[in-house]
Amino acid sequence: MSETTFTVESSSTGGSCCGSCGTGTGKAPATAAAERAVFQVKGMTCGHCVSSVTAELEKVAGVTEVAVDLATGQVTVDSTAPLADTDVAAAIDEAGYALIGRIGA
């Protein structure tokens, strides 16, 4: 079976096409750019520490991913928007550890 490819250009005169049928402009919905921040955390010594910090940070609005480097105490947080240090500090405190500060910003 052969595949047919076509391109539909949007008209500057407007129209009511929502694009859901595949005949729209083909542009994906706008999404927020990903943000990445790295924090120094004091007091983590084991895998349980990593799990606790990760779980609390994942509760912060907008957080999409958390990576903890236990050896260095650095926590990398990806989010949909910039995070307030106060929100990060509160989450880390809730996990039982101390935020030293943001690294590189």
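Structure's up top.
The structure contained in this document is the topic of the report that follows. (Residues numbered from 1 in each chain as written. Predicted model: local features only at pLDDT ≥ 70, side-chain atom pairs only at ≥ 80, totals over all residues. Heavy atoms only, no water.)

## Considerations on helix α2 (residues 85-95)
So, point 1. Within α2, burial applies to V88, A91, I92 and A95. Viewed along the axis of α2, the buried residues span an arc of 95°, placing them on a single side of the element. Away from its buried face, by an angle of more than 90 degrees, α2 presents the exposed residues T86, D93 and E94.
So, point 2. Packed against the buried residues of α2 are β1 (35-42), α1 (47-58) and β4 (98-103). (Buried < 20%, exposed > 50% of the residue type's maximum accessible area, 1.4 Å probe, protein only. Helix = DSSP H or I, 4+ residues; strand = E, 2+ residues; numbered from the N terminus. Arc of directions from axis to C-beta. Contact = heavy atoms within 4.5 Å.)

## Some words on α1
So, point 1. With 12 residues, α1 extends 16 Å from end C-alpha to end C-alpha; this agrees with the ideal 16 Å at 1.5 Å per step.
So, point 2. Here α1 has its buried residues at C49, S52, V53, T54, E56 and L57.
So, point 3. Considering only its buried residues, α1 is in contact with β2 (63-69), β3 (74-79) and α2. (Expected span 1.5 Å × (residues − 1).)

## Examining the environment of G47
So, point 1. Along the chain, G47 falls in helix α1.
So, point 2. A relative accessible area of 46% means that G47 is categorised as partly exposed.

## Some details on the packing of α1 against α2
So, point 1. Running from N to C, α1 and α2 point in directions that differ by 140°, and their axes come no closer than 8 Å. In terms of their interaxial angle, α1 and α2 are classed as oblique. Between α1 and α2 lies a crossing whose hand is right-handed. Within the contact between the two elements, α1 uses S52, V53, E56 and L57 and α2 uses V88, A91, I92, E94 and A95.
So, point 2. Residues of the contact of α1 with α2, tallied by class, amount to 6 nonpolar, 1 polar and 2 charged. (Axes fitted to C-alpha atoms, helices over the stretch in contact; angles between N-to-C directions. Parallel < 35°, antiparallel > 145°, perpendicular 65-115°, else oblique. Left-handed = near helix turned anticlockwise from the far one by under 90°. Nonpolar A, V, L, I, M, F, W, Y, C, P; charged D, E, K, R; others polar.)

## So, the side chain of S79
So, point 1. Here S79 is to be found in strand β3.
So, point 2. Separated by 2.6 Å, the side chain of S79 and the backbone oxygen of A81 make a polar contact. (Polar contact = N/O pair within 3.5 Å; in protein donor to acceptor, adjacent residues only side chain to side chain.)

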